[in-house]
Amino acid sequence: MATDFDSPWKEALDCYFEAFLELLFPNVHQQLDWARGYESLDKEFQQVVREAEVGRRYVDKLVKVWTKDGIECWVLIHVEVQTARDPDFPQRMYVYNYRIFDRYNRRVASLAVLADDDPTWRPDEFRQNLFGCETGIRFPVAKLQDFAAHEPALEASTNPFAPVVLAHLKARQTHGDPTSRYAWKIRLVRGLYERGFSAKDVRELFRVIDWLMELPPALDRAFSREIDKIQKERTMPFVTTPERVGRRDGIRMGIEALLQVRFGEEGVKLMPEIQEIHEEEKLVAILQALRTASSPEEVRRLWSPPVP
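Worth saying up front: this structure is predicted, and the values here are computed from it rather than measured. (Residues numbered from 1 in each chain as written. Predicted model: local features only at pLDDT ≥ 70, side-chain atom pairs only at ≥ 80, totals over all residues. Heavy atoms only, no water.)

Asker: In this structure, what is going on with the overall build of the protein? I would like to understand it.
Answerer: Within the protein one finds 14 helices and seven strands. Here the protein holds 308 residues, and the buried ones make up 49% of them. When the accessible area of the protein is evaluated, it comes to approximately 15400 Å², of which 52% is carbon and sulfur surface. (Helix = DSSP H or I, 4+ residues; strand = E, 2+ residues; numbered from the N terminus. Buried < 20%, exposed > 50% of the residue type's maximum accessible area, 1.4 Å probe, protein only. Areas by Shrake-Rupley, 256 points an atom, 1.4 Å probe, with all protein chains shown as cover.)

Here it is as structure tokens:
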């Protein structure tokens, strides 16, 4: 089944930016004054993206931080989640960096996280030269696959971003093997308790793990039952059922209501097929498409396009 990697990565970066740098870019983390905190600059970055669109959207985060000597600087985090080489990636890093500098006159450090499966793909610079005039960028890179050799350390780490990285690695490794994914998902959730994370961190990290490691419906139900057992073993409150299941059910209810309003019983006849769709992004796309769709068949083409 298809896994939505982008959304959980965005959420994890929002919640655990400092821990993210400590784990993946420790040299950067050590140079910053964390007592001054940091400030998300998502609004500023969205403006830059609209002006400099380069291919499809990716997971990006722009953050204002301060160095230990009191200098303000901006850090652009770019997470590349894909399964194949992207020849445009280095250029995109260059374009976003110089666009931010040009628009805001701020020094920008661009950091790249490569979350793909190709061990040989490690782009870390972009260069262009014409008549002796050279421009470009060289940027630090964290390759998640390198952490696969250090799974025990990730499992034992008290850094809250370690479970995110391990869940991503296991989601990739267990693609096409739902039984192994189920076992690892249970193991990672149990580990959240055993490492002594706060109740807030347990809930946040559970959401990210649950999102990254999607399961087929039957195993998803078994996972919910196992989560109930884990909660009874612990005194820390958790969740009564996985939140993702509730979100999907809510989206399906909205779809059914709109189908009824827009197309009557002919529209509602699509619901058995929609009940079999478990990717949240696809369900959201269906809900949004219902605002303008002219017929049930137009909606159905979102998940079952006609054969040429």
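Asker: Honestly, the environment of Glu72 in this entry has me stumped. Any pointers?
Answerer: Tracing the backbone shows Glu72 in strand S3 (residues 72–80). Remark: the alpha-carbon pair of Glu72 and Leu32, spanning 40 residues in sequence, is separated by 9.7 Å. Setting aside anything within four residues of it in sequence, one finds Glu72 in contact with Lys64, Val65, Trp66 and Arg106. A distance of 3.2 Å separates the side chain of Glu72 from the side chain of Trp74, its partner in a polar contact. Separated by 2.9 Å, the side chains of Glu72 and Arg106 make a polar contact. (Contact = heavy atoms within 4.5 Å. Polar contact = N/O pair within 3.5 Å; in protein donor to acceptor, adjacent residues only side chain to side chain.)

Asker: It is not clear to me how the packing of helix H8 (residues 178–194) against helix H9 (residues 199–212) should be interpreted in this structure. Could you clarify?
Answerer: Two quantities define a packed helix pair, namely the angle between the axes and the distance from one axis to the other. In the contact formed by H8 and H9, the axes pass within 10 Å of each other and the chain directions differ by 170 degrees. By the criterion of interaxial angle, the relationship of H8 to H9 is roughly antiparallel. Taking contact as the criterion, the partners of Arg181, Lys185, Leu188, Val189, Leu192 and Tyr193 in H8 are, on H9, Val202, Leu205, Phe206, Ile209, Asp210 and Leu212. For the contact of H8 with H9, the per-class residue count stands at nine nonpolar, no polar and three charged. (Axes fitted to C-alpha atoms, helices over the stretch in contact; angles between N-to-C directions. Parallel < 35°, antiparallel > 145°, perpendicular 65-115°, else oblique. Nonpolar A, V, L, I, M, F, W, Y, C, P; charged D, E, K, R; others polar.)

Asker: Honestly, H8 in this entry has me stumped. Any pointers?
Answerer: Every α-helix carries 3.6 residues per turn, so stepping three or four residues along brings you back to the same face. Taking 1.5 Å per residue as the helical rise, H8 with its 17 residues ought to reach 24 Å, and the 24 Å between its terminal C-alpha atoms agrees with that figure. Taken residue by residue, H8 has Arg181, Tyr182, Trp184, Lys185, Ile186, Leu188, Val189, Gly191, Leu192 and Tyr193 as its buried positions. Among the residues trailing H8, Gly196 stands out with phi positive, at a value near 80 degrees. (Expected span 1.5 Å × (residues − 1).)

Asker: What exactly am I supposed to notice about the pairing of strand S6 (residues 133–138) here?
Answerer: Put simply, side chains in a regular strand alternate between the two faces of the sheet. In terms of strand pairing, strand S5 (residues 125–130) meets S6 through six bridges, oriented antiparallel. When the bridges of S6 are listed, Gln128 appears paired with Thr135. As consecutive antiparallel partners, S5 and S6 are separated by two residues, and within that stretch Phe131 has a phi angle of approximately 55 degrees, a positive value. (Pairing = 2+ DSSP bridges.)

Asker: Even after reading the chapter, I still don't get unusual backbone geometry, so can you show me in this structure?
Answerer: What you tend to see is this: most non-glycine residues have negative phi, and most peptide bonds are trans. Even without a glycine there, the phi angle at Asn105 is positive, about 55 degrees. Relative to the elements of secondary structure, Asn105 occurs in the loop between helix H5 (89–104) and strand S4 (108–114). Of the residues examined, Asn105 reaches a relative accessible area of 56% and is grouped as exposed. Unlike most non-glycine residues, Phe131 shows phi in positive territory, near 55 degrees. The topology assignment puts Phe131 in the loop between S5 and S6.

Asker: Would you take a moment to explain the pattern of salt bridges for this structure?
Answerer: Here the idea is simple: oppositely charged side chains can pair when their charged atoms come close. On inspection of all chains with the given rule, the structure shows 17 salt bridges. For Asp124, the salt bridge goes to Arg138, with nearest N and O atoms at 3.3 Å. Of the two residues, Asp124 is situated in the loop between S4 and S5 and Arg138 in strand S6; the sequence distance between them amounts to 14 residues. Judged by relative accessible area, which is 24%, Asp124 ranks as partly exposed. Residue classification places Arg138 among the exposed positions, given a relative accessible area of 55%. A salt bridge links Arg190 to Glu226, with the shortest nitrogen-to-oxygen separation between them at 3.3 Å. With Arg190 in helix H8 and Glu226 in helix H10 (residues 217–233), this pair connects stretches of sequence that are 36 residues apart. Residue class for Arg190 comes out partly exposed when judged on its relative accessible area of 22%. (Salt bridge = Lys/Arg side-chain N within 4 Å of Asp/Glu carboxyl O.)

Asker: Quick question: what am I supposed to make of the pairing of S4 here?
Answerer: Counted residue by residue, S4 has six buried out of seven residues, so it is predominantly covered. Relative to strand S7 (residues 141–143), S4 is paired through three bridges, and the arrangement is parallel. Bridge assignment links Leu114 to a residue of S7, and that residue is Lys143.

As far as function goes, none of this settles anything; it's purely spatial.
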